[in-house]
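Remarks on the overall topology
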Amino acid sequence: MATILSTNAIEESTYIITATYTDQDGAAVTPNAGLNWTLTDDSGNIINDRDSVAIAVPSTSNSVVLSGDDLAVPTTVNRVRIFTIEGTYNSATYGNNLPIKAQCQFTIDDLTAVT
């Protein structure tokens, strides 16, 4: 189940999602190369070709900037977005290439005068 973010995005504005990564003990970890994110609506439709977008330099915290068409609200698409991040990390205790998978959900505020 996706974490539901309490702050809505504004249609075609800017929205920043910050992901932090921890191991099984809650300690910060840096993901391996190959960390990526995808943006969909709640029906699974890819938004603005944002499918498996690479995070070039994974660190213990990464911010992803969504803007413009990422936050557009066409009449055929609903206002809910799902941000999914996937990758792997290495644990000194439990092995290498352990999966990282997480989702968050947010809603876009539909502005009356934006077309």
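Figured I'd write up the structure that's included with this text. Residue positions within a chain follow its written sequence, with the count starting from 1. This being a predicted model, a pLDDT of at least 70 is required before a residue's local features are given, and a value of 80 or more before pairs of side-chain atoms are given or counted; all residues contribute to the totals for chains, interfaces and linings. Computation of side-chain values covers all heavy atoms of the structure but excludes hydrogens and water.

Buried residues of nine kinds, namely Ala, Val, Leu, Ile, Met, Phe, Trp, Tyr and Cys, make up a nonpolar core once their side-chain atoms join them within 4.5 Å. For every residue, the accessible area (1.4 Å probe, protein chains only) is compared with the maximum for its type, and the residue is labelled buried under 20%, exposed over 50%, or partly exposed between those bounds. In terms of nonpolar packing, the biggest core is built from 23 residues, with Tyr21, Trp37, Leu66, Ile85 and Phe106 touching the most fellow members. Counting from the N terminus, the helices are the DSSP runs of H or I reaching at least four residues and the strands are the DSSP runs of E reaching at least two. Mapped by element, the contributors of at least two residues to this core are β3 (14-20), β4 (36-41), β6 (61-67), β7 (80-91) and β8 (95-109). Among the elements that line this core, the one with the most residues is β8, at 5 residues. When residues no more than four places from it in sequence are discounted, the contact partners of Trp37 are Arg50, Asp51, Ser52, Val53, Ile55, Val64, Leu66, Phe83, Thr84 and Ile85. By definition, residues are in contact when any of their heavy atoms lie within 4.5 Å.

Attention now goes to the packing of aromatic side chains. Stacked, tilted and edge-to-face are the three classes assigned to paired rings of Phe, Tyr and Trp, where Trp is represented by its six-membered ring and a pair needs centres within 6.5 Å; plane angles under 30 degrees give stacked, over 60 edge-to-face, the rest tilted. Counted according to the given criterion, the structure contains 2 aromatic pairs. Here the aromatic rings of Trp37 and Phe83 are separated by 5.4 Å at their centres, their planes lie at 25°, and the arrangement is stacked. Within this pair, whereas Trp37 is found in strand β4, its partner Phe83 is found in strand β7, the two being separated by 46 residues in sequence. Among the residues examined, Trp37 registers a relative accessible area of 5% and is labelled buried. What makes Phe83 buried here is its relative accessible area of 3%.

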